[in-house]
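The chain contents come next:
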Amino acid sequence: MNERQGIVTLHQNPLTLVGEEPVKDRMAPDFEVVDNDLNPFKSSSIKGRVVIIASVPSLDTPVCDMEVRRFNQEAASLHDDISILTISMDLPFAQKRWCAAAGVDKVQTLSDHRDASFGKAYGVLIKELRLLARAMFVVDREGVLKYIQVVPEVSGEPNYKAVLDAASELI
């Protein structure tokens with residue numbers, strides 16, 4: 001398994017990312033995670049839609065909380081053919097509880113806790129913490145990865161506008 005250093009930090013401490021580095025304009029890597037009802041969710045199920053995939057460390061942290069709430073608000077003004085997924089290592093039960101408490105109903109939260117399938121496939125699994133790095137990906141209707149944003153400081157926010165613009169341009 002590939003290991004990459006110097007890509008992200010947490011409070012300025014360097015971290016190691018594990019997995020394959022995805023490549024823009026190639027087919028998006030396959031992955032299988034778990035939805036909030038413990039059902040398998042396969043990446044093949046998103047084909048035919050434009051999808052924003054947000055990778056976050058944990059919904060129970062301030063920045064992740066703020067990020068997912070923001071995307072939930074933004075989803076209301078996006079084209080109906082754009083879906084937003086947020087993937088973390090949080091257990092599905094915790095994700096379901098968090099979504100209910102936060103009123104998040106337009107972003108689908110998914111758990112990578114079992115196999116780190118997404119983290120490894122997208123190269124965002126943090127070796128030292130077994131959490132996912134903060135990153136954004138946009139996949140087009142044909143399943144091609146069209147946008148990648150790995151946030152250099154895990155505790156920082158993504159560039160929301162750039163992600164939303166990248167997705168909207170594909171409609």
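Above this text is the structure in question.
Everything quoted here is computed from the prediction, not taken from an experiment.

> I tried to follow the nonpolar core on my own but got confused; where do I start?
The nonpolar side chains of a soluble globular protein tend to be buried with one another. Phe 31, Ile 53, Ile 87, Phe 118, Tyr 122, Val 124 and Phe 137 are the most contacted members of the largest nonpolar core, which totals 29 residues. Elements represented by at least two residues in this core include exactly strand S2 (13-18), strand S5 (50-55), strand S6 (82-88), helix H3 (117-121), strand S8 (125-126) and strand S10 (135-139). If you look at the next biggest cluster of nonpolar residues, it comprises 25 residues, including Val 50, Ala 102, Tyr 147 and Tyr 160.

> Is there a simple way to explain the pairing of strand S11 (residues 145-150) in this structure?
For a regular strand, the rule is simple: side chains alternate between the two faces of the sheet. Across five bridges, S10 lies against S11 in antiparallel orientation. Looking across to S11, one finds that Val 138 is bridged to Tyr 147. Here S10 folds back onto S11, and the loop between the two strands holds five residues, one of which, Gly 143, carries a positive phi near 90°.

> For this particular structure, what's the right way to read helix H2 (residues 92-102)?
Quick reminder: α-helices carry 3.6 residues per turn. Residues three or four places apart thus point the same way. Considered for burial, the residues of H2 that qualify are Pro 92, Gln 95, Trp 98, Cys 99 and Ala 102. The arc that holds the buried residues of H2, viewed along the axis, is 125°, so those residues lie on one side. What points out from H2, more than 90 degrees from its buried face, is the exposed set Phe 93, Ala 100 and Ala 101. Residues of H2 that are buried make contact with strand S3 (32-34), helix H1 (62-75), S6 and strand S7 (107-111). Gly 103, located one to two residues past H2, shows a positive phi value of around 70°.

Rules used throughout
- Residues numbered from 1 in each chain as written.
- Predicted model: local features only at pLDDT ≥ 70, side-chain atom pairs only at ≥ 80, totals over all residues.
- Heavy atoms only, no water.
- Core = buried A, V, L, I, M, F, W, Y, C linked by side-chain atoms within 4.5 Å.
- Buried < 20%, exposed > 50% of the residue type's maximum accessible area, 1.4 Å probe, protein only.
- Helix = DSSP H or I, 4+ residues; strand = E, 2+ residues; numbered from the N terminus.
- Pairing = 2+ DSSP bridges.
- Arc of directions from axis to C-beta.
- Contact = heavy atoms within 4.5 Å.

So yeah, pure geometry; function would need other evidence.
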